[in-house]
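Residue-level listing of the chains:
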Amino acid sequence: MKYLISRISGILLLMLAGKGLLMAQTGSTAAPSSSGGITAFEPGAVWLDTDGKPINAHGGGLLFYKGTYYWYGEYKKGRTELVPHSNWENYRVLAGGVSCYSSKDLLHWKFEGLALASEQKDSTSDLYAGKVIERPKVVFNPRTKKFVLWMHIDSKDYSAAKSGVAVSDKPTGPFRYLGSERPNGNMARDMTIFQDEDGRAYHVYTSEDNQTLHVCQLSDDYLSHTRNDKRLLVGLAREGAAVFKFNKHYYLISSACTGWDPNAAAYAVADSMMGEWKQRGNPCKGPGADKTYGGQSAFVLPVNAAKGQFIFIGDLWNKKNLEDSRYLWLPLRMNGAEPEIYWQDKWTVEKYWGLDQQAYKLVWSDEFNTDGKPDPKNWSYEEGFVRNNEAQWYQSDNAYCKSGYLVIEAKREQKKNPNYVKDSQNWKKSRPSADYTSACMITKDKQQWLYGRWEMRGRIDINPGCWPAWWALGLDKSWPENGEIDMMEYYRDSLLANIAIGSAKPYRAYWYSKKTPVDQAWASKFHVWRMDWDSSGIALYVDDRLLNQVPMEELVNKDGSGYSPFQHPQYMLLNLAIGGDNGGDPAATAFPKRFEVDYVRVYQKK
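Helix and strand counts for the chain stand at three helices and 42 strands. Relative to a compact globule of 606 residues, whose C-alpha radius of gyration would be 25 Å, the chain shows 28 Å and is just as compact. Oriented by its inertia axes, the alpha-carbon framework of the chain measures out at about 95 × 50 × 45 Å. By residue count, 58% of the 606 residues in the chain fall in the buried class. Here the chain displays about 24400 Å² of accessible surface, and carbon together with sulfur accounts for 48% of that area. Charged side chains in the chain number 75 positive and 71 negative. The centres of these two groups are separated by 1 Å.

And the structure:
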């Protein structure tokens, strides 16, 4: 099955710089490097090779060998036609063979030619252009020193359902075709190859009229199938298999069989390749997840497998113009034992996974390791009613350190308002008392920074009425002309990642805001929030997932002053507000409630 290109909601950028990536099926990598030319992945856009031509490598996979990546895929060229008398939308283009591209950085791809060419004259050949050559995958056999290519070989009407194999002495080919077979007599269509750390290789293929997947161990030379063949996900009709390994467990991402219509991906997990596979949920999250962002799984490439960092590689199929089908590369990260794939408008390998951390030095932190009051060298406190009609009275008593954590505790308790004025129109004075207390800690006049990577590991409470935040404000002007950055803010079912500047109206902010729904299960765990801020712009993350990003040229106050608040220092705030304009009604919530912080850190580039 292939997928029709859907409307892409944004541009995904993968800026690759720095360090030369080491990748294998189960390996660990450093950050890739690039220089000049293309600097970004853009799923859904035309991706040009080093000759300025669109990359033509569909349904494929990647191999890393001796410092170079090789991308193999279906070479589709020419007019797309609908095969007559098919009982499904069988759009086809003449099979062009298997293309090969090489790259040092995953961005700049050189066309190496056809690793395996199709046959133009002999209609009896498996490789005849009028037949099917799909899903090519290449692995290197360290025993034989050969490169082995497996692919789905089929007739025009998909009735042959075989797997073909070819071999080469070089990664770029040409590969010598050895023939095709039905593994152990089983139908075989969509497929992938997984090579484990022990050198064993496995063929995962869709079988039984696309109703059941099989996994079969390959022979020691990878050129044939053993009898060790197992059915998995029986009757679930899955295809587009992509396999990876994390923390001694094996994961398989696949799609449903729905013709050309996009559907939700799902993942399965097992303790061994030949073990019991259990189907789980959809690894894709957020808007577009129910359609795999318009794409279909093809391959998973490790960035740092030990840390659960991978790249999900898929295809955005254009059924009526297959040559113009495009590519979907997104970060895949492990959240515990669960893989997660989020759409990213703009992201970089270095910043998404912090692989550029060695370019930074730690300039300030508070680890909260000493029980008692937070370090007065770092923190002071807001007092009283402060902003947003919030219900709590801020006081320093509600912040303390215990067992290596900062605790900001909100309580339901009466606090007399010493500023109370009967019949006052000022909300800060019209309340005779507060029904809640909490704390807001600030570094103003103690610590402030211009640019840097800011990190906070914490656990937030998301019960009704709770409004926790980790944020920053400028020093030089009044709000909002001073600028506001909400690295972490939560209210009413969603995380917010906000950046505010001055608008054309006094005391009215112009917001760049992104919301992300979260639930109680998510909030019960600790998470890491991060801001990367430099002269080019601001990017906000949670657990290495990009939430919001705005370039610096957009962050100029809209009042005509030309003032750019984020080219000036900001100080940090940590608080747990209750109720107010956005926090919701806390009446039914049991107190006390806590915002717990493991650490806050500020890095700056060396």
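On to the sheet that holds strand β24 (residues 338-342), then. Ordered by their spatial adjacency, five strands build an open sheet running β20-β24-β23-β22-β21, and the pairing between neighbours is mixed. A single partner strand is all that each edge strand has here, and the edge strands are β20 (284-285) and β21 (296-304). Relative to β24, strand β23 (residues 326-335) is paired through four bridges, and the arrangement is antiparallel. Residue Arg333 lies in a different strand from β24, and its bridge partner there is Glu340.

Spatially, four strands are ordered β2-β3-β6-β7 in an open sheet, and the strand pairing comes out antiparallel. Where the open sheet ends on each side, the last strands, each with one partner, are β2 (58-65) and β7 (110-117). Put simply, the sheet's adjacent strands are angled 25 degrees from each other on average, direction ignored. Here β2 pairs with strand β3 (residues 68-76) via six bridges, running antiparallel. Paired with Gly61 across the strands is Tyr72, a residue of β3.

Quick look at unusual backbone geometry now. The omega torsion across Gly173 and Pro174 is 5 degrees, close enough to zero to call that bond cis. Tracing the sequence through the fold places Pro174 in the loop between β10 (162-168) and β11 (176-181). A cis amide bond, omega 0 degrees, links Trp479 with the succeeding residue Pro480. Summarising the element assignment, Pro480 is placed in the loop between β34 (466-474) and β35 (484-491).

So, on to the packing of aromatic side chains. Applying the stated criterion across every chain, the model contains 33 aromatic pairs. For the ring pair Tyr65 and Phe147, a centre distance of 4.9 Å and an interplane angle of 85 degrees mean the geometry is edge-to-face. Of the two residues, Tyr65 sits in strand β2 while Phe147 sits in strand β9 (residues 146-154), which places them 82 residues apart along the sequence. Under the relative-accessibility criterion, Phe147 is labelled buried at 1%. One aromatic cluster is present, built from ring pairs that chain together Trp364, Phe368, Trp379, Trp449, Tyr451, Trp454 and Trp533. In this structure, Lys558 is placed above the aromatic ring of Tyr510, and the distance from its NZ or CZ to the ring centre is 4.8 Å. Taking the ring centre of Tyr599 as reference, the NZ or CZ of Arg601 above it sits at 3.5 Å.

Attention now goes to the nonpolar core. Counting 52 residues, the largest nonpolar core has Trp454, Trp470 and Val600 as the members making the most contacts within it. Apart from the residues lying within four places of it in its own chain, the contact partners of Val600 are Trp364, Ser365, Asp366, Phe368, Trp379, Glu455, Met456, Trp470, Met572 and Leu574. Phe244, Tyr251, Val300 and Leu332 belong to the second-largest nonpolar core, a separate cluster that totals 22 residues.

As a further point, take the layout of surface pockets. The calculated volume of the second largest pocket comes to roughly 560 Å³. Lining the second largest pocket are 24 residues, and of these Arg387, Asn388, Trp471, Trp479 and Glu484 sit closest to its centre. Of all the elements in the fold, those that place two or more residues in the lining of the second largest pocket are β34, β35, β36 (494-502), β37 (509-517) and β41 (570-578). Ranked by the residues each element gives to the lining of the second largest pocket, the list is headed by β35, at five residues. Grouping the amino acids of the lining of the second largest pocket by side-chain chemistry returns 12 nonpolar, five polar and seven charged.

Rules of the game
Residues numbered from 1 in each chain as written. Predicted model: local features only at pLDDT ≥ 70, side-chain atom pairs only at ≥ 80, totals over all residues. Heavy atoms only, no water. Helix = DSSP H or I, 4+ residues; strand = E, 2+ residues; numbered from the N terminus. Rg over C-alpha atoms; globule rule 2.2 N^0.38 Å. Buried < 20%, exposed > 50% of the residue type's maximum accessible area, 1.4 Å probe, protein only. Areas by Shrake-Rupley, 256 points an atom, 1.4 Å probe, with all protein chains shown as cover. Lys, Arg positive; Asp, Glu negative; His and termini not counted. Charge placed at Lys NZ, Arg CZ, Asp CG, Glu CD. Pairing = 2+ DSSP bridges. Axes fitted to C-alpha atoms, helices over the stretch in contact; angles between N-to-C directions. Phe/Tyr/Trp six-rings, centres within 6.5 Å; stacked < 30°, edge-to-face > 60°. Lys NZ or Arg CZ within 6 Å of the ring centre and 35° of its normal. Core = buried A, V, L, I, M, F, W, Y, C linked by side-chain atoms within 4.5 Å. Contact = heavy atoms within 4.5 Å. 1 Å grid on protein atoms, 1.4 Å probe; cavity = no way out; pocket = protein on both sides within 12 Å on 5 of 7 lines; lining within 4 Å. Points joined across faces, edges and corners; volume = space filled by probe spheres on them. Nonpolar A, V, L, I, M, F, W, Y, C, P; charged D, E, K, R; others polar.

The values reported here are purely geometric and, on their own, carry no functional implication.
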